[in-house]
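# Commentary on secondary and tertiary structure
Listed here are the chains, written in short residue letters.
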Amino acid sequence: MGSRCRSSGRGARPRWFARDRGVPGVSAAQFQAEVERAFAVWEAVPTASIAFQFAGFTSAPPFDNDDLSVLGFEDEPDLDRVLGATTFVVDAVTGAVVESDVFFNSVFQWSVAPDGEAGRFDLRSVATHEIGHFIGLGHSAIGETELRADGTRRVLASGAVMFPISLGRGVVADRTLQPDDVAGASDLYPDGDFQQTTGIITGRVRLGSAGVFGAHVVAFSPRTGSLIGGFSLSQDGTFRIAGLTPGPHIIRVEPLDDADVDSFLSSPGVNVDFQVAFHPRLMVAPRGGAGPSADVMVLAK
Amino acid sequence: MTLLVTGRGHAETRSGLCAALLASTMLVAGTIPAAGQAVSEPTGRFEVSAGVGLLGGAAFGGQPANERTASGATYRLFDSSTELASSAGFEARVGVVVTRRITLEARAALGQPELRTSVSGDVEGAPAITSVERLDQYIFDGGMTFRVDEWRVFGLVPFASAGAGYLRQLHEGQTLVDEGHLFYAGGGVTRGLFARGNGLVRGVGLRADIRMNVVSGGVSFDDDSRVQGAFSGSVFVAF
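Residues numbered from 1 in each chain as written. Chains lettered and ligands numbered in written order. Predicted model: local features only at pLDDT ≥ 70, side-chain atom pairs only at ≥ 80, totals over all residues. Heavy atoms only, no water.

When helices and strands are counted, chain B shows 1 helix and 13 strands. When the helices and strands of chain B are listed from N to C terminus, the series reads α-β-β-β-β-β-β-β-β-β-β-β-β-β. Evaluated residue by residue, chain B yields a buried proportion of 44% over its 239 residues. Contacts in chain B between residues at least 24 apart in sequence constitute 66% of all its contacts with a sequence separation of at least 6. (Helix = DSSP H or I, 4+ residues; strand = E, 2+ residues; numbered from the N terminus. Buried < 20%, exposed > 50% of the residue type's maximum accessible area, 1.4 Å probe, protein only. Contact = heavy atoms within 4.5 Å.)

Scanning chain A for helices and strands turns up 4 helices and 18 strands. By principal-axis analysis of the C-alpha atoms, chain A measures approximately 55 × 50 × 40 Å. Classification of the 301 residues of chain A by burial places 52% in the buried group. When the accessible surface of chain A is split by element, carbon and sulfur atoms take 49% of a total near 12,400 Å². The averaged location of the 36 negative side-chain charges in chain A is 6 Å from the averaged location of its 24 positive side-chain charges. (Areas by Shrake-Rupley, 256 points an atom, 1.4 Å probe, with all protein chains shown as cover. Lys, Arg positive; Asp, Glu negative; His and termini not counted. Charge placed at Lys NZ, Arg CZ, Asp CG, Glu CD.)

Before going further, it helps to examine the interface of chain B and chain A. Contacts between chain B and chain A engage 36 residues on the former and 43 residues on the latter. In this assembly, chain B packs against chain A so that about 3,100 Å² is buried in total across both faces, 59% of it on carbon and sulfur atoms. Of all residues in chain B, B:R68, B:E124 and B:L176 give up the largest surface area on contact with chain A, accounting jointly for 24% of the area buried on that side. Our enumeration of links across chain B and chain A arrives at 4 salt bridges. When the shortest N-O distance is used, the salt bridge between B:R68 and A:D174 registers 2.6 Å. One can count 11 residue pairs in polar contact (both at pLDDT 80 or more) joining chain B with chain A. Of all the elements in the fold, those that place two or more residues in the side of chain B that touches chain A are β3 (65-68), β4 (74-84), β7 (114-120) and β8 (129-134) of chain B. Here the side of chain B that touches chain A takes 6 residues from β8(B), the largest share from any one element. In terms of residue class, the side of chain B that touches chain A is built from 15 nonpolar, 12 polar and 9 charged. (Buried area = accessible area lost by both parts, 1.4 Å probe. Salt bridge = Lys/Arg side-chain N within 4 Å of Asp/Glu carboxyl O. Polar contact = N/O pair within 3.5 Å; in protein donor to acceptor, adjacent residues only side chain to side chain. Nonpolar A, V, L, I, M, F, W, Y, C, P; charged D, E, K, R; others polar.)

Attention shifts here to the side chain of B:T69. Here B:T69 lies in the loop between β3 and β4. Here B:S71 takes part through its side chain, which lies 3.1 Å from a polar atom of the side chain of B:T69. Setting aside residues up to four positions removed in sequence, B:T69 forms contacts with A:L156, A:A157, A:L167, B:T74 and B:Y75.

Residue and element names in this part refer to chain A. Along strand β13 (residues 227-231), 4 of the 5 residues are buried, which leaves the element largely enclosed by surrounding structure. Across 5 bridges, the pairing between strand β12 (residues 216-220) and β13 is antiparallel. Bridged to V218 within β13 is G229. Counted along the chain from β12 to the antiparallel partner β13, the turn is 6 residues long, and its residue G225 has a positive phi close to 80 degrees. (Pairing = 2+ DSSP bridges.)

Bringing the sheet that holds strand β12 (residues 203-217) of chain B into the picture now. Either a parallel or an antiparallel arrangement is found when strands of a sheet pair, and the pairing is made through backbone hydrogen bonds. Residue and element names in this part refer to chain B. Read around the closed barrel, 8 strands run β1-β5-β6-β9-β10-β11-β12-β13, paired in antiparallel fashion. Strand after strand, the sheet turns through a mean of 25 degrees between neighbouring axes, direction not considered. Bridge count between strand β9 (residues 136-147) and strand β10 (residues 156-170): 12 bridges; the pairing is antiparallel. Along β10, the bridge assignment pairs G143 with G163. (Axes fitted to C-alpha atoms, helices over the stretch in contact; angles between N-to-C directions.)

A word on the sheet that holds strand β3 (residues 70-74) of chain A. All names here are of chain A. The 5 strands are arranged β2-β1-β3-β5-β4 in an open sheet whose pairing can be described as mixed. Two strands bound the open sheet, and with one partner strand each, they are β2 (53-58) and β4 (84-90). Pairwise comparison of adjacent strand axes, ignoring direction, gives a mean angle of 25 degrees for this sheet. Relative to strand β5 (residues 97-105), β4 runs antiparallel, the two being bridged by 7 bridges.

This part covers helix α1 (residues 28-43) of chain A. All names here are of chain A. The end-to-end C-alpha distance of α1 is 22 Å, a good match for the 22 Å that 16 residues give at a rise of 1.5 Å each. When we look at burial in α1, the residues that qualify are A28, F31, Q32, E34, V35, A38, F39 and W42. Check the buried side of α1 and you find it contacts β1 (15-19), β2, β3, β5, α2 (123-134) and α3 (179-188). (Expected span 1.5 Å × (residues − 1).)

This paragraph deals with the packing of α1(A) against α2(A). Residue and element names in this part refer to chain A. Relative to each other, α1 and α2 sit at 55 degrees, their axes nearing to 8 Å. Comparing the axis directions of α1 and α2 gives the class oblique. Note that α1 runs across α2; the crossing there is right-handed. Listed contacts from α2 to F31, E34, V35, R37, A38, F39, V41 and W42 of α1 are L123, R124, A127, T128, I131, G132 and F134. Class assignment of the residues belonging to the contact of α1 with α2 gives a composition of 10 nonpolar, 2 polar and 3 charged. (Parallel < 35°, antiparallel > 145°, perpendicular 65-115°, else oblique. Left-handed = near helix turned anticlockwise from the far one by under 90°.)

Here the focus is the pattern of salt bridges. Residue and element names in this part refer to chain B. Counted by the stated rule, this structure contains 31 salt bridges over all chains. One salt bridge in this structure joins R101 and E150, with 2.1 Å as the shortest N-O distance. Remark: E150 occurs in the loop between β9 and β10 and R101 occurs in the loop between β5 (87-97) and β6 (102-111); sequence separation between them is 49 residues. Taking the relative accessible area as the measure of exposure, E150 reaches 51% and is therefore exposed.

Residue and element names in this part refer to chain A. Residues F31, W42, L71, F104, W110, I131 and I135 are the most contacted members of the largest nonpolar core, which totals 35 residues. Contributing elements (two or more residues each) for this core: β1, α1, β3, β5, α2 and α3. Setting aside anything within four residues of it in sequence, one finds F104 in contact with F31, L71, G72, F73, E74, L83, G84, W110, L123, V126, A127 and E130. (Core = buried A, V, L, I, M, F, W, Y, C linked by side-chain atoms within 4.5 Å.)

Quick look at the layout of surface pockets now. Residue and element names in this part refer to chain A. Of the pockets and cavities examined, the largest pocket occupies roughly 1,200 Å³. As for the largest pocket, its lining consists of 38 residues, and the residues nearest its centre are R81, L83, P164, I165 and S166. Counting only elements with at least two residues in the lining of the largest pocket, the list comes to β4, β7 (121-122), α2 and β9 (153-158). Among the elements that make up the lining of the largest pocket, the one with the highest residue count is α2 (5 residues). Split by residue class, the lining of the largest pocket holds 17 nonpolar, 11 polar and 10 charged. (1 Å grid on protein atoms, 1.4 Å probe; cavity = no way out; pocket = protein on both sides within 12 Å on 5 of 7 lines; lining within 4 Å. Points joined across faces, edges and corners; volume = space filled by probe spheres on them.)

Here's what the structure looks like:
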């Protein structure tokens, strides 16, 4: 579900540039400071080795193919539902990410107020989400939404910064990572004894005898209350959830129906026509590996 | 003891244990002689016993699966509540008779309790369910018993016991171990069935124990100690 950012040498930190352009309410310097704080949130994950370096301001806009990773405001009036987005330039030979740009849509009103500001989107919260993509994470599906009459979705709640839909204007909750975010970052950039002290649950989601592709599988720890998710990423319905606290977990499977399916998976054929279900066995995440596989049966809607 | 090997046949194992426990209890009742017909208590230097027992469960409480809302409130995805179920098991004990009243003992107890998490109130309507796993549980403890012969009634000799031990619980699939320790205090009665003053085997009797275990660690959702009752019945041989 992710790829590591390339560093230019052993121990080097990937460099990023801030665009030297502000928007009403946010100067370029304030933008840089808030984004720096958002990077620091990911760098502070104790079980992951993530470090970045601010390289300076640039007039280059995001999304230029210039080998510079640029974060900045950009006018994208056509993307009237998109707060921000992250793109990658990938080395076709090595697969390494050589450039990653993040744009923040200046058609929206932004805030850098310490406690948020009514009517404006919190820049640091959105930056924390986009930097999650910057380091290689995809979207999390731990969240609940409801459809509005106009076809858009309203977020009822989310359990991950990497949920694809914002909690809304004036909300600063996404400045703080959730267990699903921490597990994802730590799985991509494990530090210290992360892999030896956490566990993995694997399994398969089945509808009858067929595997279910694209099911959202969540491991819930009744000990800690953490929710950590994954997806069944193959036609046979197999899934893998890493970064779990050792111990028993409840396995819950649901269809990807709380946001557009392509927010999570780009491959066609995602099955959303089944009912939410729990696995009847407590699945144990062992310390430093994977336990027995869970075979989760679901029923058609 | 081989009944507790994991795999199929758990139901049969439980039935067998219950039957054995019942038989043991009935045996005690059936061999109580009339008052004044007391059988001499078996006495020797060592005692060995084996039997079956029941270890009480423990509630680990509830844990909601919460998400965050825009207002900062929590949004409950579902509720969960977890307990360690009571379980039957086998035990074996060896003792060294120090004085007429005092015996030092070591005991090994095996059981397979279930860890059960009940899930309910799913916000998307998933049916409530209880997810379970079966643990392999080993208790190794040591302590002292103190006989109170003066309080003998109908041939039953009461005793008090206390000690400490080690708890080892293997999760299903045997890929994760939780360890802990326990202290116990309790008591029970013994009833001699046969006794003699010489020979290798000095006597045979029945024994019933009741205990309160104060358990720390093991499969637990917090750092608090918990109290678990236990009952067992066994046959002992004195040498």
